[in-house]
Amino acid sequence: SAALIARIDRDRVELVDHFGLAARHLPNNGSFCARVAAAGRLLVADDPASPQQVAESSRSACDPFAFLAGVPIDATLVLCVLDVGPRTLPADAGDALADLGAHAQRLLGRAAEQHRSRSFADQIFEASPDAMLVVARNGEIQRANPGVEAVFGYSQDELIGQPGEVIYASPESY
């Protein structure tokens, strides 16, 4: 069995996340994932050897699988499940797969928002003229911005991994 989230572009299918497959990319010549994205709805292929169900370009990646089902997450992302044994998709399983796709879309949206927030915070950290340090609970300096060198005279590289006390004149002030 295998499951994957794939990003579809004009030339290829990129496996964004996957379980049970060795491939990271597939050509996009009518692959099953590309067909799911183009259809914009649940697709099921219970005979991957059929050229009507899976294009020649993706057959080698699908060779061990006798069953494929996929739902679009958005215009360029799809969620697919594959199995080596023949299957018939129960009527309610299509809804469950669609719900899973919607859940994946929400999670990917949250991850993208967190990445944007982190990126913005990183820009502020690096651009600040003030000295800024990130210190772990154990007191070790994890990160230093460029302002640290101007204020304390230590380069960022010199401080990373050092105890936070190194920037203070006396241990009592730490």
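Quick caveat, the model's predicted, so the values are computed rather than measured.

Provide a residue-level description of a nonpolar patch on the surface, including the pertinent values.
Together, Val151, Phe152 and Tyr154 line one region of the surface with nonpolar side chains, adding up to about 250 Å² of accessible area. Mapped onto the secondary structure, Val151 falls in helix 4 (residues 147-152). For Val151, a relative accessible area of 51% puts it in the exposed group.

Summarise the side chain of Ser128; cite the residues concerned and give the values.
Considering the arrangement of structural elements, one finds Ser128 in the loop between helix 3 (91-127) and strand 7 (133-135). In this structure, Ser128 is in contact with Asn145 and Gly147, ignoring residues within four places of it in sequence.

Hey, could you go over the pattern of salt bridges for me, with residue numbers and the actual values?
Applying the stated criterion across every chain yields a total of 5 salt bridges. In this structure, Arg10 and Asp11 form a salt bridge, with 3.8 Å as the shortest nitrogen-oxygen distance. As far as burial versus exposure is concerned, Arg10 and Asp11 are alike and both exposed. A salt bridge links Arg116 to Glu113, with the shortest nitrogen-to-oxygen separation between them at 2.9 Å. Here Arg116 pairs with Glu113, and both are found in helix 3, just 3 residues apart, close to one helical turn. For Glu113, a relative accessible area of 41% puts it in the partly exposed group. Three or more residues are tied together by salt bridges with common partners; here these are Asp122, Glu126 and Arg143.

Could you give an account of the nonpolar core, naming the residues involved and the relevant values?
If you look at the biggest cluster of nonpolar residues, it comprises 20 residues, and the most contacted ones within it are Leu4, Ala6, Ile8, Val13, Phe32, Cys33 and Val78. Secondary-structure elements contributing two or more residues to this core are strand 1 (2-8), strand 2 (12-19), helix 1 (32-39), strand 4 (43-45) and strand 6 (77-83). Not counting the four nearest positions on each side in its chain, Val78 is found in contact with Leu4, Ile5, Ala6, Ile8, Cys33, Val36, Ala37, Val71, Pro72 and Ile73. Counting 9 residues, the second-largest nonpolar core is a separate cluster that includes Phe67, Ile73, Leu77 and Ala104.

Outline the sheet that holds strand 6, supporting the account with residue identities and numerical values.
Spatial ordering of the open sheet is given by 3-2-1-6-5-4, a layout of 6 strands whose pairing is antiparallel. Looking along the sheet, the strands with just one partner apiece sit at the ends: strand 3 (25-27) and strand 4. The mean angle between the axes of side-by-side strands here comes to 25°, regardless of whether they run parallel or antiparallel. Two elements, strand 4 and strand 5 (residues 67-72), share 3 bridges in a ladder whose sense is antiparallel. In the strand pairing of strand 5, Leu43 is matched with Gly70.

The rules behind the values
- Residues numbered from 1 in each chain as written.
- Predicted model: local features only at pLDDT ≥ 70, side-chain atom pairs only at ≥ 80, totals over all residues.
- Heavy atoms only, no water.
- Patch = residues over 30% accessible without salt bridge, like charges linked within 9 Å, V, L, I, M, F, W, Y side chains within 5 Å.
- Areas by Shrake-Rupley, 256 points an atom, 1.4 Å probe, with all protein chains shown as cover.
- Salt bridge = Lys/Arg side-chain N within 4 Å of Asp/Glu carboxyl O.
- Helix = DSSP H or I, 4+ residues; strand = E, 2+ residues; numbered from the N terminus.
- Buried < 20%, exposed > 50% of the residue type's maximum accessible area, 1.4 Å probe, protein only.
- Contact = heavy atoms within 4.5 Å.
- Core = buried A, V, L, I, M, F, W, Y, C linked by side-chain atoms within 4.5 Å.
- Pairing = 2+ DSSP bridges.
- Axes fitted to C-alpha atoms, helices over the stretch in contact; angles between N-to-C directions.

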